[in-house]
Amino acid sequence: MEESARTVLDFSSDVVISLHSWQRRTPLPEELFERAALDPAEFWLRVAHQVIEWIEPPTQSLQWNPPSSGSLPPWVAWFADGKLNVAQNCIDRHVRTWRRNKAAIIWEGEPGDTRVLTYYDLYREVQRCANMLRSLGVSKGDRVTIYLPLIPEAAIAMLACARIGAVHSVVFGGFSAEALRDRINDSQSTVLITADGGWRRGAIVPLKRNADEALRQCPSVRHVVVVQRGVMESDNVPMQEGRDHWWHQLMTHSDVTCPCVPLSSEDPLFILYTSGTTGKPKGQLHTTGGYLTGVTATTQWVFDIADEDVYWCTADVGWITGHSYVVYGPLANGATVVMYEGAPDYPDRDRWWALVEKYGVTIFYTAPTAIRTMMRWGEEYVQRHDVSSLRLLGSVGEPINPEAWMWYFTHVGGRRCPIVDTWWQTETGAIVIAPIPGRTALKPGSATFPLPGYRAVVLDEAGSPVPAGERGYLVLEQPWPSMSRTIWGDPERYVQTYWARYPGKYLTSDAATCDQDGYFWLLGRTDDVLNVAGHRISTMELESVLVEHPAVAEAAVIGRSDAIKGQVPVAFVTVRESHRNELPEIGEELKQYVTERIGAVARPAEVHVVVELPKTRSGKIMRRLLRDIAEGRVLGDTTTLADPAVVEQLKEKYRGEE
Ligand code: WTA
């Protein structure tokens, strides 16, 4: 098995933490687990009836034809004869109850401006926005791209699409014009919703400027709606006559009533692009009933959300975590959600803890990279604030090393709060492996067990389960409601990526081990996808961008372990003869080039210019060797190398720069 550079540090199964005095707020009948094990499809149908308000309740649970080469979607349907609307579940059903004026979103901007939207506010804003989209010609099935900072309008726009059956594609605000352009063109969106800009560490993120650049090559977009975040004078925001409209102007003129469109359970809800092993991002298509069932139920099981909670997930809506656990899961549960626009260290390194104190946050969900950063800064920043309102902590995005786990547990959670380490993916839509607080004894560094309704196994190359404690491929053996249904526009790639390796079973592309107690330990990716600070970056995508630079002849990108970010990209390039004189500046220039072409998340930590890349005799780049060099490990077998002198030269080069 191709080893991912990142492995969990010294995982050990002997530390077990049980918090006996910790009480759940939401009930969890034991019967749930028994049913799930007996008949998962029947179990999910029951869950779907319990957690969702259906317009027409489904009688069917799962229909399943395992995808195979050449077969076309749909391969799977959950609750196919059910009808529902996601916005109705996240808003309308709450405004009929005492929750009408309960805070749905407590938002704080980076400069300190705040807004609170109650469920009734959301109800009105979302309907207005839905009518606004309609007036721009959007109807059921049309795609709408959302490129916004983390402001309430992002959630409003998503829910407005859901209300009328339009399909949203949210593009992370940190992505470049080019990345935005490619995602718009792949989804063929007709409307783009963006903002004049956003705030990040005191600086302006120029969203509208990026959008304008992208739109030069996006013929499908007919209208652009611009939210006035107020980062610049509106006179300084160029608006193209006929195409660009201010959000606040259209909203004022939009009618406040827009009934929910009844949708079939399998109607598309959104597309979200994620990196895969090729240069081209994959648009994961999620549908309505199964997705909502998955996120609503797992929010209850794993976060134990109750009405008195104040819940804060620090993810941006541009990622799946923001979709499932900032917007859909918590709002479907009628929760109060905190949203913060900016950086954790602005104006100082205690900003997150100041927010926890200010809003009395009870449930806090973030990424290991953030925890390791806070750990490096030191616990004094947490100690400046009273964070005793916290009762549950979560982690997502990459393996959390036991040391960071213990720091989080001790200094943030005061040794009273369980930590739910949640393993899942853009493709799974909802959490798959995680502790159920109040029930599962925790082992620091382990995501513990699959949730009810999932069957996860660790398999070897041949498809047999590996013995306890051995490393293998993490595989999900049966379909689940919130699974991605296909890759937008490329069904064959969906089959090949996920279902071909072990026919009929879902390949996660993660390595894992299961210990003698049945606890799962996640060990990182097994493919050419890097996990940089919890964000998925494809090495192929980076390489194809690098070779487009006029100076670059060849490029190879690998992930090097990093104490804070988990992994960072390291690029090895060869330079064309004609550009030899640019050598001294080329490293910085290429880092900048990647930032402009993809976004800062993909910026290489190091660029090494080498005379030649190490290749096998058949011409394949030896990535494993590059990783060994980058991490300073003893070199493995290089006998297949075409020119062994290349390694010596590479090692010299690497040492020379340290
Ligand atoms: C990794 C994020 C270990 C994993 C929700 C997966 C994790 C990829 C964990 C998906 C975790 C996510 N422990 N690894 N708790 N959570 N991962 O699509 O490699 O952005 O395949 O979804 O993140 O990243 P994605």
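Treat the numbers as computed from the prediction; the structure is a model and nothing was measured.

As a further point, take the overall build of the chain. Along the chain, the regular secondary structure elements total 19 helices and 30 strands. Taken over the C-alpha atoms alone, the chain extends approximately 75 × 65 × 60 Å along its principal axes. Within the chain, contacts between residues at least 6 apart in sequence are counted, and of these 73% link residues at least 24 apart. Just so you have it, the chain exposes about 24000 Å², and 50% of that area is on carbon and sulfur atoms. Mean positive and mean negative side-chain charge positions of the chain (66 and 82 charges, respectively) differ by 2 Å.

Turning next to the sheet that holds strand S21 (residues 456-459). Taken together, the four strands give an open sheet; going across it, the order is S21-S22-S24-S25, and neighbouring strands pair in antiparallel fashion. In the strand order of this sheet, the two ends are held by S21 and strand S25 (520-525), each with one partner. Sheet twist, expressed as the average angle between the axes of neighbouring strands with direction ignored, equals 45 degrees. Pairing of strand S24 (residues 506-514) with S25, which is carried by four bridges, proceeds in the antiparallel orientation. Within S25, the position partnered with Asp510 by the bridge is Arg525.

Looking at the assigned domains, one finds that the chain contains domain 1 (119-263) and domain 2 (528-657). Here the C-alpha centre of domain 2 lies 37 Å away from the C-alpha centre of domain 1. Counting from both sides, the interface comprises six residues of domain 1 and, opposite them, seven residues of domain 2. Of the roughly 470 Å² buried at the junction of domain 1 and domain 2 (both faces included), carbon and sulfur atoms supply 46%. Looking at the side of domain 1 facing domain 2, the largest losses of area belong to Phe175, Ser176 and Glu178, adding up to 66% of the total buried there. For the pair domain 1 and domain 2, the number of links is one salt bridge.

Turning to the state of the cysteines, a few remarks are in order. Taken as a whole and assessed by the stated rule, the structure comprises zero disulfides. Cysteine Cys161 is unpaired, with the sulfur of Cys129 as its nearest cysteine sulfur at 6.9 Å. Judged by its relative accessible area of 0%, Cys161 falls in the buried class. Not engaged in a disulfide, the cysteine Cys218 finds its nearest cysteine sulfur in Cys161; these two sulfurs lie 17 Å apart. Taking relative accessible area as the criterion, Cys218 reaches 4% and is therefore assigned buried.

On to the side chain of Lys102. Here Lys102 lies in the loop between helix H3 (86-95) and strand S4 (103-108). On the accessibility criterion, Lys102 (9% relative accessible area) is buried. Engagement of the side chain of Lys102 in a polar contact is seen with the side chain of Asp307, the distance being 2.7 Å. In contact with Lys102, not counting residues within four places along its chain, are Leu117, Thr118, Tyr119, Asp307, Gly334, Ala335 and Thr336.

Taken as a whole and assessed by the stated rule, the structure comprises 35 aromatic pairs. Centre to centre, the rings of Phe172 and Phe175 are 5.8 Å apart; their planes meet at 85 degrees, and the pair counts as edge-to-face. On the basis of relative accessibility, which here comes to 11%, the residue Phe175 falls in the buried class. Taken together, the ring pairs connect Phe43, Trp44, Trp64, Trp75, Trp301, Tyr454, Trp480, Tyr494, Tyr498, Trp499 and Tyr506 into an aromatic cluster. Lying over the aromatic face of Phe175, Arg183 brings its terminal NZ or CZ to 4.5 Å of the ring centre.

Around the ligand sit 17 residues in total, of which Asp421, Thr422, Thr426, Asp510 and Arg536 are the nearest. Between the ligand and Arg525, the relevant distance is 2.8 Å, taken from an oxygen atom to a side-chain nitrogen or oxygen of the residue. Within the side chain of Asn531, an N or O atom sits 3.4 Å from an oxygen atom of the ligand. Counting residues per element, the ones that place at least two in the shell around the ligand are helix H10 (320-332), strand S20 (419-422) and S25. Considering only residue class, the shell around the ligand consists of six nonpolar, six polar and five charged.

Now for the sheet that holds strand S6 (residues 143-147). Read across the open sheet, the eight strands follow the order S12-S11-S8-S6-S7-S14-S15-S23; overall the sheet is mixed. This sheet does not close on itself; its edge strands, each paired only once, are strand S12 (244-246) and strand S23 (486-487). As paired strands, strand S11 (residues 223-227) and S12 are joined by three bridges and run parallel to one another. Across the sheet, residue Val226 finds its bridge partner in S12, namely Trp246.

Looking now at the pairing of strand S27 (residues 535-538). Side chains His535 and Ile537 project from S27 onto one buried face, and the interleaved Arg536 and Ser538 project onto a second face that is buried too. One ladder, built from four bridges, connects strand S26 (residues 529-532) with S27; its direction is antiparallel. Paired with Val532 across the strands is His535, a residue of S27. Connecting S26 to the next strand, S27, in antiparallel fashion are two residues, including Ala533 with a positive phi near 50 degrees.

Here we take up the nonpolar core. In this structure, Leu122, Trp247, Trp301, Phe303 and Tyr328 are the most contacted members of the largest nonpolar core, which totals 162 residues. Counting residues per element, this core draws most heavily on helix H5 (residues 152-164), at ten residues. The two domains that each donate at least three residues to this core are domain 1 (119-263) and domain 2 (528-657). Apart from residues lying up to four places away in sequence, Trp301 is in contact with Arg24, Leu28, Leu32, Phe43, Trp44, Val47, Ile436, Pro437, Leu451 and Pro452. With 33 residues, the next largest nonpolar core counts Ile106, Tyr359, Phe364 and Ile371 among its residues.

What follows concerns the environment of Val552. Considering the arrangement of structural elements, one finds Val552 in strand S28 (residues 552-562). Distance from Val552 to Leu590, taken between C-alpha atoms, is 9.1 Å for residues 38 residues apart in sequence. Setting aside residues up to four positions removed in sequence, Val552 forms contacts with Leu546, Val547, Val573, Thr574, Arg576 and Leu590.

Cut-off values and rules
- Residues numbered from 1 in each chain as written.
- Predicted model: local features only at pLDDT ≥ 70, side-chain atom pairs only at ≥ 80, totals over all residues.
- Heavy atoms only, no water.
- Helix = DSSP H or I, 4+ residues; strand = E, 2+ residues; numbered from the N terminus.
- Contact = heavy atoms within 4.5 Å.
- Areas by Shrake-Rupley, 256 points an atom, 1.4 Å probe, with all protein chains shown as cover.
- Lys, Arg positive; Asp, Glu negative; His and termini not counted.
- Charge placed at Lys NZ, Arg CZ, Asp CG, Glu CD.
- Pairing = 2+ DSSP bridges.
- Axes fitted to C-alpha atoms, helices over the stretch in contact; angles between N-to-C directions.
- Domains from an automatic or database assignment.
- Buried area = accessible area lost by both parts, 1.4 Å probe.
- Salt bridge = Lys/Arg side-chain N within 4 Å of Asp/Glu carboxyl O.
- Disulfide = S-S within 2.5 Å.
- Buried < 20%, exposed > 50% of the residue type's maximum accessible area, 1.4 Å probe, protein only.
- Polar contact = N/O pair within 3.5 Å; in protein donor to acceptor, adjacent residues only side chain to side chain.
- Phe/Tyr/Trp six-rings, centres within 6.5 Å; stacked < 30°, edge-to-face > 60°.
- Lys NZ or Arg CZ within 6 Å of the ring centre and 35° of its normal.
- Near = heavy atom within 4 Å.
- Nonpolar A, V, L, I, M, F, W, Y, C, P; charged D, E, K, R; others polar.
- Core = buried A, V, L, I, M, F, W, Y, C linked by side-chain atoms within 4.5 Å.

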